[in-house]
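Survey of secondary and tertiary structure
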Amino acid sequence: MNDACFQLKGSAVSIIVLELYQFSDASFTEQLRDKVQQAPQFFQQSPVVISLEKMPADHSPDFVARLEICRTFHLQPLALRAVPVHLLDAARETGLAIIPATGRSSTPLETERDAPQAEVIVKKVVEEKQVRKPSKVITRPVRSGQQVYAEGGDLIVLSQVSEGAEVLADGDIHIYGTLRGRALAGVKGDTDANIFCHTLSAELVAIAGNFILSDALRKQRWQQSAHIHLDGDSLHVAEL
Amino acid sequence: MAKIIVVTSGKGGVGKTTTSAAIGTGLALSGFKTVVIDFDVGLRNLDLIMGCERRVVYDFVNVIKQEATLNQALIKDKRTDNLFILPASQTRDKDALTQEGVGIVLDELAETFDYIICDSPAGIEKGAQMALYFADVAIVTTNPEVSSVRDSDRILGILQSKSRRAEKADEPVQEHLLLTRYNPARVDAGEMLSVSDVEDILAIPLLGVIPESEAVLKASNSGTPVILDNASDAGQAYDDAVQRLLGKELEHRFLHAPKKGFFQRFLGGK
């Protein structure tokens, strides 16, 4: 097993960009309220990037007040984009990330290298859960020459498995018809895997690499329902 | 819209061409405009079984290569109205069939015909795959013996995975089992698989059981589809199969060996 605590990954996330054109607290609040009311669900706790790209250079917005307004509408400002040089200090004080303008060669960030880097906070958003892989369900007969493999889970065949066909699973195999072909359960080494079949007439059954051929099977529950499991190193054919 | 029926088996010599000729003739006799196409390029047989070998000028491959029109290549059957044959080429091989070419020819035929019967070559290679690719219905011809049954099972798998209907995830190809060369006496003696054995292994509906009959060989050699031999059991069995294909429900016949009469037993006759 790998014991690393984390992995850094690049990821593209689509995000709302609030593009500022001009500043006037009253109309900003009003227009934002209108927008949010159109789709309150959509804006609820939505991360948002505030872009200053389209703003006339002589404007000097009050970032703190603006962010407050956004937050009252349940938006979550994440970052400021394309901050002009004269506003960089004010922008840093907000504690938000500062992103260079899109498609511009010279970014204001590069001009002040000695300035302290904006703090990057990485939050673990997605919790890893152990989810079971769904079983693979086959409804039609598995014919001679066909092979079906249920990777990482169980295989359920609602019909028969013909002679010359092969069914494999990392987990259990259930066959609700006649098994005439080969069935291999626990192919990645799971010794707890089982094979269940309605009528046993198999060429070969195997669990975690331990197999029996039809000659040996004929002495045990041949043409009857069967539950095959591993007992130590040997396969055991039991009544179903 | 024409229905495309493939007659297939996997194994050779089980009676695909005999069946194609009989079913095609039966459908035409029932009033449907029918064409039978020989897909066995290089091993042309259908024309012999249907008795039109001397009238073959252009063939299926010529039409695919646009060296001849469909009307030039189609042979009208002399005995049965509504019946046409599109023969295979004897001088080419299966590579002459392209999926696109076959598709164009079938589309053109579908405009005027009710049924298109594709007589598949043996095997599971290109020729057989071309014959079954466009099918709506499959008649899987099987002899009551283990190797034929296993090959039929294989071809059913290919129908499920490689036909156009499978690729487009449309409704699957309708599968029918046609058991040919069935000999009830040998089944009773345990030398042959029974109908229920084969049905059990293949798990598809039974279209018909054609008894082993001298009439089949006689019909093949004389170039007359056996279905036209009304007096023979094989001819009647094929006729039943055609009626079932058209939706009629008929009981299966010729499943049991005829009881020997007193004199026959006494004299040891067959």
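Another point: the overall build of chain A. Across its full length, chain A carries six helices and 15 strands. Within chain A, the proportion of its 240 residues that are buried is 41%. For chain A, the exposed area adds up to about 15,100 Å²; of that, 51% sits on carbon and sulfur atoms.

With that settled, the discussion passes to the sheet that holds strand β10 (residues 182-185) of chain A. Residue and element names in this part refer to chain A. Ordered in space as β6-β8-β10-β12-β13, the five strands form an open sheet in which the pairing is mixed. On the outer flanks of this sheet lie β6 (147-150) and β13 (210-213), each paired with one strand and no other. Each neighbouring strand pair of the sheet contributes to a mean axis angle of 10°, computed without reference to strand direction. Pairing of β6 with strand β8 (residues 166-169), which is carried by four bridges, proceeds in the parallel orientation. Looking at β8, one finds that Val148 is bridged to Val167.

Turning to the domain arrangement of chain A, a few remarks are in order. A common way to state how big an interface is: give the accessible area lost once the parts meet. Under the domain assignment used here, chain A contains domain 1 (6-114) and domain 2 (136-238). The C-alpha-based centres of domain 1 of chain A and domain 2 of chain A are spaced at 60 Å.

Residues and elements named next belong to chain B. On the basis of which strands lie adjacent, the open sheet formed by eight strands has the order β3-β4-β2-β5-β1-β6-β7-β8 and mixed pairing. The open sheet is flanked by β3 (75-76) and β8 (206-211), the only strands paired with a single partner. Here strand β2 (residues 34-38) runs beside strand β4 (residues 83-86); their pairing, made up of four bridges, is parallel. In the sheet register, Val36 faces β4, and the bridge partner there is Ile85.

Chain A puts ten residues into the contact, and the matching count from chain B is 14 residues. The contact between chain A and chain B buries some 1,100 Å² in all, and 35% of this surface belongs to carbon and sulfur atoms. When the area that chain A buries against chain B is broken down by residue, the three leading residues are A:Arg140, A:Arg143 and A:Ser144, summing to 53%. One can count four salt bridges joining chain A with chain B. The partner of A:Glu163 in a salt bridge is B:Arg150, with the nearest N and O atoms 2.4 Å apart. Summed over the shared surface of chain A and chain B, the result is nine residue pairs in polar contact (both at pLDDT 80 or more). Taken together, the residues of the side of chain A that touches chain B break down into one nonpolar, five polar and four charged.

Time to look at the environment of B:Asp77. Residue and element names in this part refer to chain B. Within the fold, Asp77 resides in the loop between β3 and β4. The sequence separation of Asp77 and Leu43 amounts to 34 residues, and the corresponding C-alpha distance is 21 Å. For Asp77, the residues in contact, after removing those within four places along its chain, are Met50, Arg55, Leu83 and Ile85. Looking at Asp77, its side chain comes within polar contact range of the main-chain nitrogen of Arg79, at 2.9 Å. Polar contacts involving the side chain of Asp77 include one to the main-chain amide nitrogen of Thr80, which spans 2.9 Å.

On the surface, a cluster of nonpolar side chains totalling about 220 Å² of accessible area is made up of A:Ile15, A:Val17 and A:Leu78. Assignment of secondary structure puts A:Val17 in strand β1 (residues 16-19).

All right, on to the packing of helix α1 (residues 25-38) of chain A against helix α3 (residues 63-72) of chain A then. Residues and elements named next belong to chain A. Axis separation between α1 and α3 bottoms out at 10 Å; the angle between their running directions is 20°. As the angle between them shows, α1 and α3 are arranged roughly parallel. With respect to the hand of their crossing, α1 and α3 are arranged in right-handed fashion. Judged by residue contacts, Asp25, Phe28, Thr29 and Leu32 of α1 engage Arg66, Ile69 and Cys70 from α3. Each residue belonging to the contact of α1 with α3 can be placed in one class, and the counts come to four nonpolar, one polar and two charged.

With that out of the way, let us pick up the layout of surface pockets. Residue and element names in this part refer to chain B. Considering only enclosed or pocket space, the second largest pocket measures out at about 510 Å³ in volume. Surrounding the second largest pocket, 24 residues form its lining, Gly13, Val14, Gly15, Thr18 and Arg181 being those nearest its centre. For the lining of the second largest pocket, the elements supplying multiple residues, two or more each, are α1 (16-29), β7 (174-182), β8 and α11 (214-222). Classifying every residue of the lining of the second largest pocket gives nine nonpolar, ten polar and five charged.

Criteria and cut-off values
- Residues numbered from 1 in each chain as written.
- Chains lettered and ligands numbered in written order.
- Predicted model: local features only at pLDDT ≥ 70, side-chain atom pairs only at ≥ 80, totals over all residues.
- Heavy atoms only, no water.
- Helix = DSSP H or I, 4+ residues; strand = E, 2+ residues; numbered from the N terminus.
- Buried < 20%, exposed > 50% of the residue type's maximum accessible area, 1.4 Å probe, protein only.
- Areas by Shrake-Rupley, 256 points an atom, 1.4 Å probe, with all protein chains shown as cover.
- Pairing = 2+ DSSP bridges.
- Axes fitted to C-alpha atoms, helices over the stretch in contact; angles between N-to-C directions.
- Domains from an automatic or database assignment.
- Contact = heavy atoms within 4.5 Å.
- Buried area = accessible area lost by both parts, 1.4 Å probe.
- Salt bridge = Lys/Arg side-chain N within 4 Å of Asp/Glu carboxyl O.
- Polar contact = N/O pair within 3.5 Å; in protein donor to acceptor, adjacent residues only side chain to side chain.
- Nonpolar A, V, L, I, M, F, W, Y, C, P; charged D, E, K, R; others polar.
- Patch = residues over 30% accessible without salt bridge, like charges linked within 9 Å, V, L, I, M, F, W, Y side chains within 5 Å.
- Parallel < 35°, antiparallel > 145°, perpendicular 65-115°, else oblique.
- Left-handed = near helix turned anticlockwise from the far one by under 90°.
- 1 Å grid on protein atoms, 1.4 Å probe; cavity = no way out; pocket = protein on both sides within 12 Å on 5 of 7 lines; lining within 4 Å.
- Points joined across faces, edges and corners; volume = space filled by probe spheres on them.

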